[in-house]
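# Structure assessment
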Amino acid sequence: MKSRTLPIRQLQQCLNRQAHSRTQSIFTSASIPSRRCASIIPQISNRARTYATSSEVSASGLLFGQPVHETHPHLLKPGELTPGITAQEYHERRSRLCASLPPNSAVILRSAAVQYRSGAVFHGFRQDSNFLYLTGFNEPESIAVLRKTGDAADDYIFHLFCRPKSPQNEQWSGPWSGIDAARDVWNADEVGDIGSSGPLLREALKGVERVYTDAERTKHGVETSFGNLLRLSAPNISAYSPLKTHINALRAIKSSAEIACMRRAGRDSGRALTAAMRRSWTTEKELAAFLEYTYQMSGLDGQAYIPVVAGGSRGLLIHYVLNNAPLDPEETVLVDAGGEYGTYVTDITRTWPVSGRFTPAQRDLYNAVLKAQRASVSLCRASANLTLDQLHGITERALREELVQLGFDLGGNVMDKLFPHHVGHYIGLDVHDVPGYPRNVVLKEGHCITIEPGVYVPDDDRFPKHFRGLGVRIEDSVAIGDDNPFVLTTEAVKEVDDIEALRS
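As the structure is a computational prediction, the values presented were derived from the model and not from experiment.

### Remarks on the overall build of the protein
For the protein, the count of helices and strands is 15 helices and 25 strands. A compact globule built from 504 residues would reach a C-alpha radius of gyration of about 23 Å, and the protein, at 26 Å, matches this within 12%. Over its C-alpha atoms, taken along the principal directions, the protein stretches across nearly 85 × 50 × 45 Å. Considering only contacts in the protein between residues 6 or more positions apart, those separated by 24 or more positions represent 70%. Accessible surface, the protein: about 22400 Å² in total, of which carbon and sulfur atoms supply 51%. Side chains of the protein give 55 positive and 57 negative charges; the mean places of these two sets differ by 4 Å.

### Section: the side chain of N323
Tracing the backbone through its elements, the reader meets N323 in the loop between strand 16 (308-311) and strand 17 (332-337). The exposure class assigned to N323 is buried, which follows from its relative accessible area of 9%. In terms of polar contacts, N323 uses its side chain to reach the backbone carbonyl oxygen of V321, at 3.5 Å. When neighbours within four sequence positions are excluded, N323 is seen to be in contact with E284, K285, P307, V308 and V309.

### What about the sheet that holds strand 21 (residues 448-451)?
Read across the open sheet, the 3 strands follow the order 21-24-25; overall the sheet is antiparallel. Because the sheet does not close on itself, it has two edges, and the strands there are strand 21 and strand 25 (486-487). As paired strands, strand 21 and strand 24 (residues 476-479) are joined by 4 bridges and run antiparallel to one another. The residue bridging T450 from the neighbouring strand is S477, located in strand 24.

### What to know about a nonpolar patch on the surface
The grouping of V114, Y116 and F122 at the surface amounts to a nonpolar patch, some 320 Å² of accessible area in total. By the secondary structure assignment, Y116 is in strand 6 (residues 116-118).

### Here we look at the confidence of the model for the protein
When pLDDT is averaged across the protein, the result is 91; 90% of the residues are at 70 or more. Between residues 1-11, whose pLDDT stays under 50, and residues either more than four places distant or in other chains, the model counts 26 contacts. Within the model, pLDDT remains below 50 along residues 34-54, and this stretch shows 40 contacts once partners closer than five positions in the same chain are excluded.

### Focus on the pairing of strand 20 (residues 348-353)
The element strand 20 is extensively covered by neighbouring structure, given that 6 of its 6 residues are classed as buried. Here strand 20 shows a buried face lined by I348, R350 and W352 and a second buried face lined by T349, T351 and P353. Pairing analysis gives 6 bridges linking strand 17 to strand 20, with the strands arranged antiparallel. In the strand pairing of strand 20, V333 is matched with W352.

Definitions and cut-offs
- The residue numbers shown here count from 1 along each chain, following its written sequence.
- It should be noted that, the model being predicted, local features are given only for residues of pLDDT at least 70 and side-chain atom pairs only at 80 or more, the latter also being counted only at that level, while totals for whole chains, interfaces and linings use all residues.
- Side-chain numbers come from the whole structure's heavy atoms, not from hydrogens or water.
- Working definition: helices are DSSP H or I runs of at least four residues, strands are E runs of at least two. Numbering for both runs from the N terminus.
- Atoms counted for the radius of gyration: C-alpha only. Globule rule: 2.2 Å times residue count to the power 0.38.
- Between two residues, a contact is recorded if the distance between any of their heavy atoms is within 4.5 Å.
- In these tables, accessible area is a Shrake-Rupley quantity obtained with a 1.4 Å probe, and a residue counts as shielded only by the protein chains included in the view.
- Charged-residue counts in this description rest on Lys and Arg as positive and Asp and Glu as negative, His and the chain ends being excluded.
- Charge positions come from single atoms, namely NZ of Lys, CZ of Arg, CG of Asp or CD of Glu.
- Accessibility here uses a 1.4 Å probe with only protein chains present; expressed as a share of the type maximum, an area under 20% marks a residue as buried, one over 50% as exposed, and anything in between as partly exposed.
- Think of a polar contact as two N or O atoms within 3.5 Å of one another; within protein, one of them needs to be a possible hydrogen donor and the other a possible acceptor, and neighboring residues in sequence only count if both atoms come from side chains.
- Pairing between strands requires that DSSP locate at least two bridges from one strand to the other.
- Exposure above 30% relative accessible area and the lack of any salt bridge qualify a residue for a patch; like charges then connect within 9 Å, and the nonpolar side chains Val, Leu, Ile, Met, Phe, Trp and Tyr within 5 Å.
- Every case where a carboxyl oxygen of Asp or Glu lies within 4 Å of a side-chain nitrogen of Lys or Arg is listed as a salt bridge.
- Scored between 0 and 100, pLDDT is the confidence that the predictor attaches to each residue.

In C-alpha coordinates, the structure reads:
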(Lines give C-alpha, C1' and ligand atoms only; values in the text may rest on other atoms or scores of the structure.)
Protein backbone atom coordinates (compact mmCIF):
# COMPACT_ATOMS: atom_id res chain seq x y z
CA MET A 1 0.00 0.00 0.00
CA LYS A 2 1.58 3.28 -1.10
CA SER A 3 1.22 6.33 1.08
CA ARG A 4 -0.84 8.24 -1.46
CA THR A 5 -3.61 5.61 -1.22
CA LEU A 6 -4.11 6.04 2.51
CA PRO A 7 -7.58 7.37 3.38
CA ILE A 8 -7.83 10.87 4.86
CA ARG A 9 -9.01 9.43 8.19
CA GLN A 10 -5.72 7.56 8.47
CA LEU A 11 -3.65 10.61 7.52
CA GLN A 12 -5.39 12.57 10.23
CA GLN A 13 -4.77 9.71 12.63
CA CYS A 14 -1.10 9.94 11.75
CA LEU A 15 -1.04 13.65 12.53
CA ASN A 16 -2.83 13.08 15.80
CA ARG A 17 -0.31 10.46 16.80
CA GLN A 18 2.58 12.78 16.03
CA ALA A 19 1.01 15.43 18.25
CA HIS A 20 0.16 12.97 21.01
CA SER A 21 1.58 13.76 24.41
CA ARG A 22 3.27 10.37 24.75
CA THR A 23 7.04 10.49 24.32
CA GLN A 24 7.26 7.01 22.79
CA SER A 25 5.37 5.03 20.20
CA ILE A 26 5.71 1.42 19.18
CA PHE A 27 7.09 0.96 15.68
CA THR A 28 5.89 -2.09 13.71
CA SER A 29 5.41 -2.95 10.07
CA ALA A 30 1.64 -3.22 10.65
CA SER A 31 1.19 0.31 11.98
CA ILE A 32 -1.04 2.23 9.56
CA PRO A 33 0.08 4.82 8.83
CA SER A 34 2.55 5.67 11.62
CA ARG A 35 5.37 3.78 9.96
CA ARG A 36 4.90 6.01 6.87
CA CYS A 37 4.33 9.34 8.56
CA ALA A 38 7.66 10.78 7.51
CA SER A 39 6.78 10.38 3.85
CA ILE A 40 3.14 11.41 4.20
CA ILE A 41 3.36 14.59 6.24
CA PRO A 42 5.35 16.61 3.67
CA GLN A 43 2.61 15.88 1.13
CA ILE A 44 0.04 17.60 3.35
CA SER A 45 2.14 20.48 4.62
CA ASN A 46 -0.83 22.82 4.34
CA ARG A 47 -2.06 21.15 7.53
CA ALA A 48 1.16 21.79 9.37
CA ARG A 49 1.06 22.09 13.12
CA THR A 50 3.54 21.88 15.98
CA TYR A 51 4.41 18.30 16.86
CA ALA A 52 5.67 16.94 20.11
CA THR A 53 9.06 15.25 19.84
CA SER A 54 8.59 11.52 19.99
CA SER A 55 10.85 8.50 19.90
CA GLU A 56 9.94 5.24 18.24
CA VAL A 57 10.48 1.99 20.10
CA SER A 58 11.03 -1.01 17.87
CA ALA A 59 8.55 -3.79 18.53
CA SER A 60 11.33 -6.37 18.23
CA GLY A 61 12.43 -5.59 21.76
CA LEU A 62 8.96 -5.90 23.31
CA LEU A 63 6.62 -8.69 24.34
CA PHE A 64 3.07 -8.86 23.00
CA GLY A 65 0.06 -11.05 23.65
CA GLN A 66 0.27 -12.43 20.11
CA PRO A 67 2.89 -12.58 17.36
CA VAL A 68 3.85 -9.47 15.40
CA HIS A 69 6.24 -9.46 12.47
CA GLU A 70 9.10 -7.91 14.42
CA THR A 71 9.04 -10.62 17.11
CA HIS A 72 7.88 -13.54 14.93
CA PRO A 73 9.15 -12.96 11.37
CA HIS A 74 8.89 -16.73 10.77
CA LEU A 75 5.10 -16.46 11.22
CA LEU A 76 4.15 -13.02 9.90
CA LYS A 77 5.23 -11.03 6.88
CA PRO A 78 5.71 -7.26 7.12
CA GLY A 79 2.36 -5.51 7.40
CA GLU A 80 0.44 -8.57 8.59
CA LEU A 81 -1.48 -8.57 11.87
CA THR A 82 -2.34 -12.26 11.65
CA PRO A 83 -0.87 -14.85 9.26
CA GLY A 84 -1.78 -13.88 5.72
CA ILE A 85 -4.00 -10.90 6.66
CA THR A 86 -2.61 -7.35 6.61
CA ALA A 87 -3.54 -4.41 8.77
CA GLN A 88 -4.89 -2.75 5.63
CA GLU A 89 -7.32 -5.62 5.04
CA TYR A 90 -8.59 -5.36 8.61
CA HIS A 91 -9.19 -1.63 8.05
CA GLU A 92 -11.06 -2.36 4.81
CA ARG A 93 -13.29 -4.86 6.60
CA ARG A 94 -14.23 -2.27 9.20
CA SER A 95 -14.86 0.28 6.46
CA ARG A 96 -17.18 -2.03 4.53
CA LEU A 97 -19.15 -2.92 7.63
CA CYS A 98 -19.61 0.68 8.75
CA ALA A 99 -20.56 1.76 5.23
CA SER A 100 -23.45 -0.72 5.37
CA LEU A 101 -24.90 0.77 8.57
CA PRO A 102 -27.31 3.71 8.96
CA PRO A 103 -26.21 7.10 10.30
CA ASN A 104 -25.70 7.59 14.05
CA SER A 105 -24.95 3.91 14.62
CA ALA A 106 -22.16 1.92 16.23
CA VAL A 107 -20.94 -1.66 16.46
CA ILE A 108 -19.91 -3.16 19.78
CA LEU A 109 -17.92 -6.39 19.96
CA ARG A 110 -16.82 -8.30 23.03
CA SER A 111 -13.78 -10.53 22.98
CA ALA A 112 -14.15 -14.16 23.91
CA ALA A 113 -13.45 -15.22 27.48
CA VAL A 114 -10.86 -17.75 28.60
CA GLN A 115 -12.58 -21.13 28.95
CA TYR A 116 -11.62 -23.49 31.75
CA ARG A 117 -11.28 -27.26 31.40
CA SER A 118 -11.33 -27.98 35.12
CA GLY A 119 -10.51 -25.86 38.14
CA ALA A 120 -7.55 -23.65 37.28
CA VAL A 121 -6.71 -25.58 34.08
CA PHE A 122 -7.67 -23.50 31.07
CA HIS A 123 -8.07 -24.21 27.37
CA GLY A 124 -5.98 -22.39 24.81
CA PHE A 125 -7.60 -19.04 24.10
CA ARG A 126 -9.76 -18.78 20.98
CA GLN A 127 -10.93 -15.30 20.02
CA ASP A 128 -14.53 -14.57 19.06
CA SER A 129 -14.60 -14.91 15.28
CA ASN A 130 -16.32 -11.59 14.55
CA PHE A 131 -14.00 -9.75 16.94
CA LEU A 132 -10.97 -11.30 15.25
CA TYR A 133 -12.34 -10.66 11.75
CA LEU A 134 -12.69 -6.93 12.38
CA THR A 135 -9.67 -6.23 14.60
CA GLY A 136 -6.99 -8.93 14.32
CA PHE A 137 -6.63 -8.54 18.10
CA ASN A 138 -6.33 -11.92 19.76
CA GLU A 139 -6.65 -11.28 23.49
CA PRO A 140 -9.43 -11.71 26.06
CA GLU A 141 -10.86 -8.93 28.25
CA SER A 142 -11.32 -6.54 25.35
CA ILE A 143 -14.09 -4.47 23.78
CA ALA A 144 -14.08 -2.98 20.29
CA VAL A 145 -16.41 -0.17 19.19
CA LEU A 146 -16.81 0.99 15.60
CA ARG A 147 -18.53 4.36 15.50
CA LYS A 148 -19.94 5.43 12.12
CA THR A 149 -19.18 9.12 11.58
CA GLY A 150 -20.26 9.85 8.01
CA ASP A 151 -21.31 8.47 4.65
CA ALA A 152 -17.89 7.77 3.15
CA ALA A 153 -16.42 4.29 3.45
CA ASP A 154 -13.65 5.47 5.79
CA ASP A 155 -15.90 7.52 8.03
CA TYR A 156 -15.63 5.55 11.26
CA ILE A 157 -13.75 5.65 14.55
CA PHE A 158 -12.20 2.44 15.85
CA HIS A 159 -12.12 2.22 19.66
CA LEU A 160 -10.25 -0.65 21.34
CA PHE A 161 -10.36 -1.12 25.11
CA CYS A 162 -8.02 -3.75 26.52
CA ARG A 163 -5.77 -4.62 29.43
CA PRO A 164 -2.93 -2.18 30.15
CA LYS A 165 0.58 -3.55 30.50
CA SER A 166 1.19 -5.02 33.96
CA PRO A 167 4.62 -6.58 34.65
CA GLN A 168 3.36 -8.17 37.85
CA ASN A 169 0.34 -9.84 36.26
CA GLU A 170 2.20 -10.75 33.10
CA GLN A 171 4.83 -12.56 35.15
CA TRP A 172 2.12 -15.07 36.04
CA SER A 173 -0.08 -15.01 32.95
CA GLY A 174 2.38 -14.37 30.14
CA PRO A 175 2.60 -11.20 28.07
CA TRP A 176 -0.28 -9.14 26.77
CA SER A 177 -0.07 -6.29 24.34
CA GLY A 178 -1.29 -3.26 26.24
CA ILE A 179 -2.97 0.02 25.37
CA ASP A 180 -0.13 1.63 23.42
CA ALA A 181 0.08 -1.42 21.14
CA ALA A 182 -3.69 -1.27 20.60
CA ARG A 183 -3.09 2.14 19.04
CA ASP A 184 0.28 1.70 17.37
CA VAL A 185 0.08 -1.92 16.20
CA TRP A 186 -3.64 -2.64 15.85
CA ASN A 187 -4.34 0.88 14.56
CA ALA A 188 -7.18 1.81 16.90
CA ASP A 189 -8.13 5.49 16.74
CA GLU A 190 -9.07 5.60 20.41
CA VAL A 191 -7.83 3.25 23.12
CA GLY A 192 -8.38 2.76 26.81
CA ASP A 193 -8.13 0.53 29.86
CA ILE A 194 -10.81 -2.17 29.86
CA GLY A 195 -11.10 -1.54 33.59
CA SER A 196 -12.60 1.85 32.75
CA SER A 197 -14.94 0.55 30.06
CA GLY A 198 -17.96 2.32 31.56
CA PRO A 199 -16.82 5.92 31.01
CA LEU A 200 -15.00 4.92 27.81
CA LEU A 201 -18.19 3.48 26.32
CA ARG A 202 -20.16 6.51 27.48
CA GLU A 203 -17.82 8.77 25.52
CA ALA A 204 -17.62 6.49 22.47
CA LEU A 205 -21.41 6.21 22.17
CA LYS A 206 -22.32 9.88 22.53
CA GLY A 207 -24.92 10.72 19.89
CA VAL A 208 -25.39 7.08 18.86
CA GLU A 209 -28.99 6.05 18.28
CA ARG A 210 -28.62 2.41 17.26
CA VAL A 211 -26.12 -0.21 18.41
CA TYR A 212 -25.33 -3.40 16.51
CA THR A 213 -24.06 -6.22 18.67
CA ASP A 214 -24.40 -9.97 19.10
CA ALA A 215 -23.13 -9.95 22.67
CA GLU A 216 -25.75 -11.15 25.16
CA ARG A 217 -27.46 -8.33 27.05
CA THR A 218 -29.84 -10.72 28.79
CA LYS A 219 -29.75 -14.43 29.52
CA HIS A 220 -32.76 -16.43 30.70
CA GLY A 221 -34.55 -13.15 31.23
CA VAL A 222 -31.84 -11.74 33.49
CA GLU A 223 -29.57 -8.85 32.53
CA THR A 224 -25.98 -9.92 31.91
CA SER A 225 -22.96 -7.98 33.19
CA PHE A 226 -22.48 -6.68 29.65
CA GLY A 227 -26.12 -5.64 29.46
CA ASN A 228 -25.75 -3.82 32.74
CA LEU A 229 -22.61 -2.09 31.44
CA LEU A 230 -24.45 -0.87 28.33
CA ARG A 231 -27.50 0.29 30.27
CA LEU A 232 -25.37 2.36 32.64
CA SER A 233 -22.95 3.64 29.98
CA ALA A 234 -25.43 4.43 27.23
CA PRO A 235 -28.90 4.88 28.72
CA ASN A 236 -30.08 6.94 25.73
CA ILE A 237 -29.56 4.26 23.08
CA SER A 238 -32.97 3.86 21.44
CA ALA A 239 -32.45 0.60 19.57
CA TYR A 240 -30.30 -2.52 19.52
CA SER A 241 -29.99 -4.75 16.46
CA PRO A 242 -28.17 -8.02 15.71
CA LEU A 243 -24.77 -7.54 14.12
CA LYS A 244 -24.77 -10.91 12.36
CA THR A 245 -27.22 -9.79 9.66
CA HIS A 246 -24.60 -7.29 8.46
CA ILE A 247 -21.33 -9.07 9.13
CA ASN A 248 -22.38 -12.49 7.82
CA ALA A 249 -22.55 -11.25 4.25
CA LEU A 250 -19.01 -9.84 4.56
CA ARG A 251 -17.50 -12.94 6.13
CA ALA A 252 -19.20 -15.36 3.74
CA ILE A 253 -17.35 -14.00 0.68
CA LYS A 254 -13.65 -14.61 1.20
CA SER A 255 -10.88 -12.32 -0.01
CA SER A 256 -7.94 -13.67 -1.96
CA ALA A 257 -5.86 -13.46 1.22
CA GLU A 258 -8.40 -15.51 3.18
CA ILE A 259 -8.54 -18.14 0.45
CA ALA A 260 -4.73 -18.28 0.47
CA CYS A 261 -4.82 -19.02 4.23
CA MET A 262 -7.40 -21.75 3.67
CA ARG A 263 -5.38 -23.15 0.79
CA ARG A 264 -2.32 -23.36 3.06
CA ALA A 265 -4.38 -25.17 5.68
CA GLY A 266 -5.84 -27.49 3.02
CA ARG A 267 -2.52 -28.23 1.42
CA ASP A 268 -0.70 -29.18 4.61
CA SER A 269 -3.68 -31.04 6.06
CA GLY A 270 -4.11 -32.96 2.81
CA ARG A 271 -0.45 -33.93 2.84
CA ALA A 272 -0.80 -35.12 6.42
CA LEU A 273 -3.75 -37.35 5.51
CA THR A 274 -1.91 -38.81 2.51
CA ALA A 275 1.11 -39.48 4.72
CA ALA A 276 -1.19 -41.26 7.18
CA MET A 277 -2.57 -43.48 4.39
CA ARG A 278 0.96 -44.63 3.58
CA ARG A 279 1.40 -46.18 7.02
CA SER A 280 -0.16 -49.07 8.91
CA TRP A 281 -2.00 -48.22 12.11
CA THR A 282 -3.12 -50.43 14.95
CA THR A 283 -5.20 -47.93 16.93
CA GLU A 284 -7.32 -44.87 16.26
CA LYS A 285 -5.37 -42.96 18.90
CA GLU A 286 -2.04 -43.39 17.13
CA LEU A 287 -3.50 -42.19 13.84
CA ALA A 288 -5.09 -39.14 15.47
CA ALA A 289 -1.83 -38.25 17.23
CA PHE A 290 0.12 -38.54 13.98
CA LEU A 291 -2.18 -36.09 12.23
CA GLU A 292 -2.02 -33.49 14.99
CA TYR A 293 1.79 -33.77 15.16
CA THR A 294 2.11 -33.45 11.38
CA TYR A 295 -0.08 -30.33 11.31
CA GLN A 296 2.15 -28.64 13.85
CA MET A 297 5.38 -29.67 12.15
CA SER A 298 4.16 -28.37 8.79
CA GLY A 299 3.64 -24.89 10.22
CA LEU A 300 -0.12 -24.96 10.80
CA ASP A 301 -1.60 -23.59 14.03
CA GLY A 302 -2.82 -27.05 14.99
CA GLN A 303 -6.01 -28.99 14.46
CA ALA A 304 -9.12 -27.05 13.50
CA TYR A 305 -11.46 -29.34 15.44
CA ILE A 306 -11.49 -32.61 17.34
CA PRO A 307 -11.05 -35.19 14.58
CA VAL A 308 -13.14 -38.23 13.81
CA VAL A 309 -10.92 -41.33 13.54
CA ALA A 310 -13.44 -44.13 13.29
CA GLY A 311 -12.55 -47.71 12.46
CA GLY A 312 -15.10 -50.15 11.03
CA SER A 313 -18.73 -49.67 11.99
CA ARG A 314 -17.81 -46.71 14.21
CA GLY A 315 -17.66 -44.82 10.92
CA LEU A 316 -21.47 -44.88 10.93
CA LEU A 317 -21.39 -42.45 13.89
CA ILE A 318 -21.16 -39.03 12.25
CA HIS A 319 -19.29 -37.30 15.07
CA TYR A 320 -17.47 -40.20 16.72
CA VAL A 321 -14.55 -38.54 18.52
CA LEU A 322 -13.52 -41.07 21.18
CA ASN A 323 -10.70 -42.19 18.87
CA ASN A 324 -9.50 -44.88 21.27
CA ALA A 325 -10.40 -48.24 19.70
CA PRO A 326 -8.16 -50.75 17.92
CA LEU A 327 -8.17 -50.84 14.12
CA ASP A 328 -9.03 -54.07 12.33
CA PRO A 329 -7.02 -54.75 9.13
CA GLU A 330 -10.18 -56.17 7.51
CA GLU A 331 -12.08 -52.90 7.96
CA THR A 332 -11.93 -49.32 6.76
CA VAL A 333 -11.10 -46.23 8.80
CA LEU A 334 -13.04 -42.98 8.30
CA VAL A 335 -11.02 -39.88 9.18
CA ASP A 336 -12.62 -36.42 9.34
CA ALA A 337 -9.80 -34.05 10.26
CA GLY A 338 -8.17 -30.78 9.32
CA GLY A 339 -5.75 -28.15 10.49
CA GLU A 340 -5.97 -24.39 10.57
CA TYR A 341 -3.69 -21.56 9.51
CA GLY A 342 -4.13 -18.03 10.80
CA THR A 343 -7.34 -19.32 12.43
CA TYR A 344 -8.72 -20.22 8.97
CA VAL A 345 -9.75 -23.86 8.83
CA THR A 346 -9.86 -26.71 6.41
CA ASP A 347 -12.26 -29.64 6.61
CA ILE A 348 -11.38 -32.98 4.98
CA THR A 349 -12.75 -36.51 5.23
CA ARG A 350 -11.15 -39.58 3.75
CA THR A 351 -12.05 -43.25 4.10
CA TRP A 352 -9.50 -45.95 3.36
CA PRO A 353 -8.85 -49.62 4.12
CA VAL A 354 -6.75 -50.21 7.21
CA SER A 355 -4.81 -52.89 5.27
CA GLY A 356 -4.17 -50.58 2.34
CA ARG A 357 -6.26 -52.72 -0.04
CA PHE A 358 -10.02 -52.44 -0.61
CA THR A 359 -12.22 -55.52 -0.50
CA PRO A 360 -14.68 -55.76 -3.42
CA ALA A 361 -17.59 -54.50 -1.29
CA GLN A 362 -15.53 -51.67 0.18
CA ARG A 363 -14.38 -50.65 -3.28
CA ASP A 364 -17.90 -50.65 -4.74
CA LEU A 365 -19.44 -48.53 -2.01
CA TYR A 366 -16.44 -46.18 -1.95
CA ASN A 367 -16.59 -45.61 -5.70
CA ALA A 368 -20.33 -44.92 -5.51
CA VAL A 369 -19.70 -42.11 -3.01
CA LEU A 370 -16.65 -40.86 -4.90
CA LYS A 371 -18.55 -40.58 -8.18
CA ALA A 372 -21.27 -38.46 -6.55
CA GLN A 373 -18.67 -36.33 -4.76
CA ARG A 374 -16.68 -35.60 -7.90
CA ALA A 375 -19.82 -34.60 -9.78
CA SER A 376 -20.89 -32.18 -7.05
CA VAL A 377 -17.41 -30.65 -6.72
CA SER A 378 -17.47 -29.90 -10.45
CA LEU A 379 -20.58 -27.74 -9.86
CA CYS A 380 -18.85 -25.53 -7.28
CA ARG A 381 -18.65 -22.55 -9.60
CA ALA A 382 -20.62 -19.35 -9.87
CA SER A 383 -21.63 -20.11 -13.46
CA ALA A 384 -23.63 -23.13 -12.22
CA ASN A 385 -25.96 -20.69 -10.40
CA LEU A 386 -26.65 -23.15 -7.57
CA THR A 387 -27.18 -22.94 -3.84
CA LEU A 388 -25.83 -25.35 -1.23
CA ASP A 389 -29.32 -26.73 -0.79
CA GLN A 390 -29.57 -27.39 -4.53
CA LEU A 391 -26.17 -29.09 -4.48
CA HIS A 392 -27.46 -31.31 -1.70
CA GLY A 393 -30.43 -32.40 -3.82
CA ILE A 394 -28.18 -33.12 -6.80
CA THR A 395 -25.81 -35.14 -4.64
CA GLU A 396 -28.59 -37.16 -3.05
CA ARG A 397 -30.00 -38.07 -6.47
CA ALA A 398 -26.54 -39.14 -7.64
CA LEU A 399 -26.05 -41.32 -4.57
CA ARG A 400 -29.49 -42.84 -5.05
CA GLU A 401 -28.63 -43.84 -8.64
CA GLU A 402 -25.33 -45.40 -7.55
CA LEU A 403 -26.87 -47.33 -4.64
CA VAL A 404 -29.67 -48.75 -6.80
CA GLN A 405 -27.02 -50.14 -9.12
CA LEU A 406 -25.42 -51.82 -6.10
CA GLY A 407 -28.66 -53.57 -5.20
CA PHE A 408 -30.07 -51.27 -2.52
CA ASP A 409 -33.85 -51.03 -2.11
CA LEU A 410 -34.43 -47.32 -1.50
CA GLY A 411 -38.16 -47.30 -0.92
CA GLY A 412 -39.70 -45.00 1.68
CA ASN A 413 -37.33 -42.71 3.57
CA VAL A 414 -34.35 -45.06 3.43
CA MET A 415 -32.06 -42.35 2.06
CA ASP A 416 -32.55 -40.37 5.27
CA LYS A 417 -30.93 -43.30 7.05
CA LEU A 418 -28.14 -43.91 4.57
CA PHE A 419 -27.30 -40.23 3.95
CA PRO A 420 -28.56 -38.37 7.04
CA HIS A 421 -26.61 -35.11 6.80
CA HIS A 422 -26.34 -32.18 4.41
CA VAL A 423 -23.81 -32.37 1.59
CA GLY A 424 -21.93 -29.32 2.80
CA HIS A 425 -21.50 -26.17 4.81
CA TYR A 426 -19.59 -22.91 4.60
CA ILE A 427 -16.06 -22.78 6.01
CA GLY A 428 -13.71 -19.98 7.03
CA LEU A 429 -12.77 -18.76 10.49
CA ASP A 430 -15.26 -21.31 11.81
CA VAL A 431 -15.64 -24.92 10.70
CA HIS A 432 -19.34 -24.26 10.17
CA ASP A 433 -18.70 -20.70 9.13
CA VAL A 434 -20.82 -17.64 9.66
CA PRO A 435 -23.50 -19.12 11.94
CA GLY A 436 -26.93 -18.15 10.67
CA TYR A 437 -25.88 -17.64 7.05
CA PRO A 438 -28.43 -19.60 4.97
CA ARG A 439 -27.76 -22.46 2.57
CA ASN A 440 -30.27 -21.11 0.04
CA VAL A 441 -27.96 -18.32 -1.15
CA VAL A 442 -26.74 -18.66 -4.74
CA LEU A 443 -23.04 -19.45 -4.55
CA LYS A 444 -20.71 -16.71 -5.79
CA GLU A 445 -17.01 -16.45 -6.43
CA GLY A 446 -15.39 -16.26 -2.99
CA HIS A 447 -17.81 -18.52 -1.15
CA CYS A 448 -15.95 -21.43 0.45
CA ILE A 449 -17.80 -24.64 1.20
CA THR A 450 -17.38 -28.34 1.81
CA ILE A 451 -18.70 -31.14 -0.37
CA GLU A 452 -19.04 -34.27 1.77
CA PRO A 453 -21.44 -36.99 0.64
CA GLY A 454 -21.52 -40.10 2.77
CA VAL A 455 -23.24 -43.45 2.96
CA TYR A 456 -23.63 -45.24 6.29
CA VAL A 457 -25.05 -48.76 6.07
CA PRO A 458 -26.42 -50.10 9.36
CA ASP A 459 -26.66 -53.78 10.25
CA ASP A 460 -30.20 -54.06 8.90
CA ASP A 461 -31.81 -56.79 6.80
CA ARG A 462 -33.13 -54.14 4.39
CA PHE A 463 -29.63 -53.65 2.96
CA PRO A 464 -27.27 -55.98 1.04
CA LYS A 465 -25.36 -58.07 3.56
CA HIS A 466 -21.87 -57.40 2.20
CA PHE A 467 -22.31 -53.63 2.71
CA ARG A 468 -23.66 -53.73 6.26
CA GLY A 469 -21.45 -51.96 8.80
CA LEU A 470 -19.63 -49.92 6.16
CA GLY A 471 -19.41 -46.15 6.48
CA VAL A 472 -17.89 -44.05 3.69
CA ARG A 473 -17.60 -40.27 3.60
CA ILE A 474 -15.43 -38.24 1.21
CA GLU A 475 -15.05 -34.52 1.84
CA ASP A 476 -13.11 -31.67 0.29
CA SER A 477 -12.99 -27.96 1.03
CA VAL A 478 -13.70 -25.94 -2.11
CA ALA A 479 -13.54 -22.24 -3.00
CA ILE A 480 -16.19 -21.23 -5.50
CA GLY A 481 -14.64 -19.89 -8.70
CA ASP A 482 -16.33 -18.13 -11.57
CA ASP A 483 -16.19 -20.99 -14.07
CA ASN A 484 -14.14 -23.57 -12.13
CA PRO A 485 -13.98 -24.87 -8.58
CA PHE A 486 -10.78 -24.34 -6.62
CA VAL A 487 -10.27 -27.46 -4.51
CA LEU A 488 -8.35 -26.41 -1.40
CA THR A 489 -7.57 -29.94 -0.23
CA THR A 490 -6.38 -31.69 -3.37
CA GLU A 491 -3.24 -33.10 -1.71
CA ALA A 492 -5.39 -35.63 0.16
CA VAL A 493 -5.60 -38.48 -2.36
CA LYS A 494 -9.00 -40.08 -2.90
CA GLU A 495 -8.91 -42.26 -6.02
CA VAL A 496 -8.92 -45.99 -5.24
CA ASP A 497 -5.81 -46.67 -7.32
CA ASP A 498 -3.93 -43.78 -5.71
CA ILE A 499 -4.80 -44.92 -2.18
CA GLU A 500 -3.73 -48.50 -2.86
CA ALA A 501 -0.53 -47.36 -4.62
CA LEU A 502 0.63 -45.61 -1.45
CA ARG A 503 1.55 -48.99 0.08
CA SER A 504 2.39 -50.94 -3.03
